[in-house]
Amino acid sequence: MAIIHRAQLTPGKQEVVTTWLASQPWSQVSAGDTIEMVGAFRFDDPAGEVGIETHVVRRADGRILQVPLTYRGAALQGAERHLVAEMEHSVLGHRWVYDATADPVYAQALASTILRGQAGAEQYLDVDGTLAPLPSSVVVHGFGDPDAAEPVITTASPSTEDTPDGGAVVTISTDGPTLAVYLTPRPAHGDEGQLTGRWDGLGDSVLLAGIV
């Protein structure tokens, strides 16, 4: 499960996401553009050390993008060029924010969710030490086998490419399965080996990621 704290973040998540997207050519977001934060979903780090959150955002022209991030209490060795931002969390302290597609903990969680047919992490809001259920604004579901073995991933090397529809996809090479993360989600068919998502007002689910 994912525990959400009532906290002050400096800078805030929208500022972090907007600034980072403006530095990524695939996003077609420019400095000064406004994006809408549609929602987010989380995966669970069994070790409880890394926050894993994917933001779903809408550009001014209506195009949907997904931005997977990981939040760490210490710098991820060797991932300097994938650092998105550093922020102060009023409860957890200093946090290093990374492009999750370069983080093995994200790759492990994504692969497990897909291969084992799982959902995103259940979220709880910490209210003075009491955990209150917090509905996810984006609901995700993996299409796989619940009895499948847990994948083991310790490396993640992302490569981003443009797609013919004007979008972008990241291929993550790992020491386990190869993953595809559709930075611009596409129509979903619920095939095995895929992660789909939906949110209020969307209509049909969209394809977010898959096993290559």
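Here is a short report on the structure shown in this document. Remember, it's a predicted structure, so these values are computed and weren't measured experimentally.

Trans is the common state for peptide bonds, and a negative phi is the common state for residues other than glycine. Geometrically, the link from Thr10 to Pro11 is a cis peptide bond, its omega value of -5° lying close to zero. Looking at the element boundaries, Pro11 is found in the loop between strand 2 (9-10) and helix 1 (13-22). The backbone of Gln28 shows a phi angle near 55°, a positive value even though the residue is not glycine.

Adjacent strands of a sheet form backbone hydrogen bonds with each other and so pair up, either parallel or antiparallel. One open sheet accounts for six strands, arranged 2-6-7-5-4-3; its pairing is antiparallel. Of all strands in the sheet, those with a lone pairing partner are strand 2 and strand 3 (36-43), marking the two edges. Both strand 6 (residues 83-89) and strand 7 (residues 93-99) contribute to a ladder of six bridges, which runs antiparallel. Bridged to Glu86 within strand 7 is Trp96. Packing of helix 1 onto the sheet brings it into contact with strand 2, strand 3, strand 4 (51-58), strand 5 (64-72), strand 6 and strand 7, and relative to strand 5 it is tilted by some 115°.

Spatially, three strands are ordered 1-8-9 in an open sheet, and the strand pairing comes out mixed. Each edge of the open sheet carries a strand with a single partner, namely strand 1 (2-5) and strand 9 (130-134). Across this sheet, the average inter-strand angle for adjacent strands is 40°, counted without regard to direction. Sheet topology note: the strand 1/strand 8 (residues 123-127) ladder contains four bridges and is parallel. Among the inter-strand pairings, Ala2 is bridged to a residue of strand 8, identified as Gln123.

The buried fraction of strand 12 (residues 168-174) amounts to five of the seven residues, a majority that puts the element mostly inside the structure. As paired strands, strand 11 (residues 156-162) and strand 12 are joined by seven bridges and run antiparallel to one another. When the sheet's bridge partners are listed, Asp162 is paired in strand 12 with Ala168. Connecting the antiparallel pair strand 11 and strand 12 is a turn made up of five residues, with Gly166 showing a positive phi of about 85°. Bridge count for strand 12 against strand 13 (residues 179-187) is four bridges, and the pairing is antiparallel. Looking at strand 13, one finds that Val169 is bridged to Tyr182.

Once that is clear, we can look at the pattern of salt bridges. This model, assessed by the stated rule, comprises seven salt bridges. Among the ionic pairs, Glu53 bridges to Lys13, the shortest N-O distance being 2.8 Å. Taken as a pair, Glu53 in strand 4 and Lys13 in helix 1 lie far apart in primary sequence, 40 residues in all. On the basis of relative accessibility, which here comes to 6%, the residue Glu53 falls in the buried class. Across the salt bridge formed by Arg72 and Asp103, the nearest N and O atoms sit 2.9 Å from each other.

What follows concerns the layout of surface pockets. Considering only enclosed or pocket space, the largest pocket measures out at about 570 Å³ in volume. Lining the largest pocket are 27 residues; nearest its centre among them are Ile3, His5, Arg42, Gly51 and Leu92. When residues of the lining of the largest pocket are traced back to their parent elements, those giving at least two are strand 1, strand 3, strand 4 and strand 6. For the lining of the largest pocket, the element with the most residues is strand 1, which contributes four residues.

Time to look at the nonpolar core. What tends to happen in soluble globular proteins is that the nonpolar side chains get buried as a cluster. If you look at the biggest cluster of nonpolar residues, it comprises 46 residues, and the most contacted ones within it are Leu21, Phe43, Tyr106, Leu110, Val181 and Leu195. With six residues, helix 2 (residues 104-115) is the single largest residue contributor to this core. Apart from residues no more than four positions distant in its own chain, Tyr106 is found in contact with Phe43, Ile52, Thr54, Pro68, Thr70, Ala100, Thr101, Ile172 and Val181.

About the cut-offs
Residues numbered from 1 in each chain as written. Predicted model: local features only at pLDDT ≥ 70, side-chain atom pairs only at ≥ 80, totals over all residues. Heavy atoms only, no water. Helix = DSSP H or I, 4+ residues; strand = E, 2+ residues; numbered from the N terminus. Pairing = 2+ DSSP bridges. Contact = heavy atoms within 4.5 Å. Axes fitted to C-alpha atoms, helices over the stretch in contact; angles between N-to-C directions. Buried < 20%, exposed > 50% of the residue type's maximum accessible area, 1.4 Å probe, protein only. Salt bridge = Lys/Arg side-chain N within 4 Å of Asp/Glu carboxyl O. 1 Å grid on protein atoms, 1.4 Å probe; cavity = no way out; pocket = protein on both sides within 12 Å on 5 of 7 lines; lining within 4 Å. Points joined across faces, edges and corners; volume = space filled by probe spheres on them. Core = buried A, V, L, I, M, F, W, Y, C linked by side-chain atoms within 4.5 Å.

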